[in-house]
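In case you want the letters, here they are:
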Amino acid sequence: MKKPNIVILGAGYGGLTTTVKLQKTLGINDAHITLVNKHDYHYETTWLHENAAGTLHHDRSRFRINDIIHTGKVDFVQDTVLSINPDEKKVVLENDELDYDYLVVALGFEPATFGIPGLLENAFTIGSINQARLIRQHIEYNFALYNNEKEKKQERLNIVVGGGGFTGIEFLGELADRIPQLCEEYDIDRNKVRIINVEGMPSILPGFDPQLVEYAMNSLEARGVEFKLGAMLKECTAEGIVIEKDGEREEIPTFTTVWAAGVRANSIVEQSGLEHNRGKIEVKPDLRAPSHEDVFVVGDCALIWNKETDRPYPPTAQIAMQEAEVCAHNIGVLVKGGGEMESFEFDNKGTVASLGHGDAIGVIFGDKKLFGWSAAVMKKVIDNRALLKIGGIGLLLKKGKFNIF
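Every chain's residues receive numbers from 1 upward, in the order its sequence appears when written. It should be noted that, the model being predicted, local features are given only for residues of pLDDT at least 70 and side-chain atom pairs only at 80 or more, the latter also being counted only at that level, while totals for whole chains, interfaces and linings use all residues. Here the side-chain values reflect all heavy atoms present in the structure, with hydrogen atoms and water set aside.

Here we have six strands laid out as an open sheet, ordered E5-E2-E1-E9-E22-E21, and mixed in their pairing. Two strands lie at the open edges of the sheet, namely strand E5 (74–78) and strand E21 (288–289), each paired on one side alone. Pairing between strands is defined by DSSP: at least two bridges between them are needed. Secondary structure is summarised from DSSP: a helix means a run of H or I of at least four residues, a strand means a run of E of at least two, and numbering begins at the N terminus for each. Sheet analysis places strand E2 (residues 32–37) next to E5, joined by five bridges and oriented parallel. Opposite Thr-34, over in E5, you have Asp-75 as the bridge partner.

Time to look at the side chain of Asn-142. The residue Asn-142 is located in helix H4 (residues 129–146) in this model. For Asn-142, the contacting residues outside a window of four places in its chain are Arg-156, Phe-255 and Thr-256. Here, two residues are considered to be in contact whenever any of their heavy atoms come within 4.5 Å of each other.

Domain parsing of the protein yields domain 1 (5–38 + 79–111 + 264–340) and domain 2 (113–260 + 349–405). Distance from the C-alpha centre of domain 1 to the C-alpha centre of domain 2: 30 Å. Residue-level contacts link ten residues of domain 1 with nine residues of domain 2. Between domain 1 and domain 2 lies a buried interface of about 790 Å² when both sides are counted; carbon and sulfur atoms form 64% of it. Note on definitions: salt bridges are taken to be side-chain nitrogens of Lys or Arg within 4 Å of carboxyl oxygens of Asp or Glu. At the junction of domain 1 with domain 2, the criterion picks out one salt bridge. Residues Lys-389 and Glu-325 are paired through a salt bridge, measuring 3.0 Å at the closest nitrogen-oxygen approach. Under the rule applied, a polar contact is a pair of N or O atoms within 3.5 Å (in protein, one hydrogen donor and one hydrogen acceptor; residues adjacent in sequence only if both atoms are side-chain atoms). There are three residue pairs in polar contact (both at pLDDT 80 or more) connecting domain 1 and domain 2. Listing elements by their share of the side of domain 1 that touches domain 2, those giving two or more residues are helix H1 (13–25), strand E10 (109–111) and helix H8 (317–336). Throughout the structure description, domain borders are defined by an automatic or database domain assignment. Values labelled buried area give the accessible surface lost by two parts on being combined, using a 1.4 Å probe and summing over both.

Taken as a whole, this structure holds 24 salt bridges when the rule is applied. In this structure, Asp-40 engages Arg-64 in a salt bridge whose closest nitrogen and oxygen atoms are separated by 3.2 Å. Taken as a pair, Asp-40 in the loop between E2 and strand E3 (41–43) and Arg-64 in strand E4 (residues 62–64) lie far apart in primary sequence, 24 residues in all. Burial classes follow relative accessibility: with a 1.4 Å probe on protein chains only, a residue under 20% of its type's maximum area counts as buried, one over 50% as exposed, and anything between as partly exposed. A relative accessible area of 27% means that Asp-40 is categorised as partly exposed. Assessed through its relative accessible area of 42%, Arg-64 is described here as partly exposed. For Asp-99, the salt bridge goes to Lys-90, with nearest N and O atoms at 2.6 Å. With relative accessibility at 44%, the residue Asp-99 sits in the partly exposed group.

Have a look at this one:
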């Protein structure tokens, strides 16, 4: 009997966790598993803000896929996905074409620019190791150049971060830690540097307790972050941005605009012919696509409604990894022809947002609020737990965060 082909697209939190779980539950004779990823490494997306600010080297945030998967059970293909044809059960890659019996779509996200003029061309985004590395180098280049020009340009020292959500605030926290070091290194007065957050909503960190939000703003403002809340970004150029607040427009000169105000599912999903809701697949309880029973979707590409809030769950590493476990179980049931399919139910372990190395805010165990150092320690515990679940104790010891003081 022909072994079914299981193809997993993407080695982020969802795709890699699905692969690791499947290789544990399925034998070599049960199925042929193929994992496709653009790079030969997985990177911790939730650490990219540190790489972008320069507070954590990018090599700390990535590890080789072949060091994690069982190469006797899983074929790893390093290639770029171009398209999915669910009716013909084919995936077209840049250098190959794959047939599947079961497909797992875990292609991650791409930035959503909401049609703001110049944003796509002139703003940086924190979406990959390479993008994070570029931001770090760009900031350092501008600091290095500032005192080497006859005419000092304030634009080199103005850093604008668009978006007051999770990624934006965590990046601001790392910048607040990093800028004093850069100022000392490049002989720049810290008071000349501006770190500016532009957020369209009247508050940062939507969904967080107001007390935690107030703490976060006070912590960041004390370290030099300026907040422009209720301000809409109207235009982005290579030399600056234009914002509008209360009907008044303001120009902010800057050579560094980092956009962290919105993401969307990988556009390949929307172009695939799969039934979607604004680019995401509104999956069934077993995580299958409603239009195709052989396609599973996890992570940023999956849309799952929170019945309590009547809004979709935000795409996080925590939910992606939980989805992956259910996905792997259900594929195992289908392949082996026995057992019960599981329905996905999100078990929220809590949320912690970093504000720099020794500061953070969060809620754990339902309603327990954390501030400051204790929250920062919990953030590292959460990061380490993800490593442990994906790669075991070996990966944890190699890449884990143990610098809690």
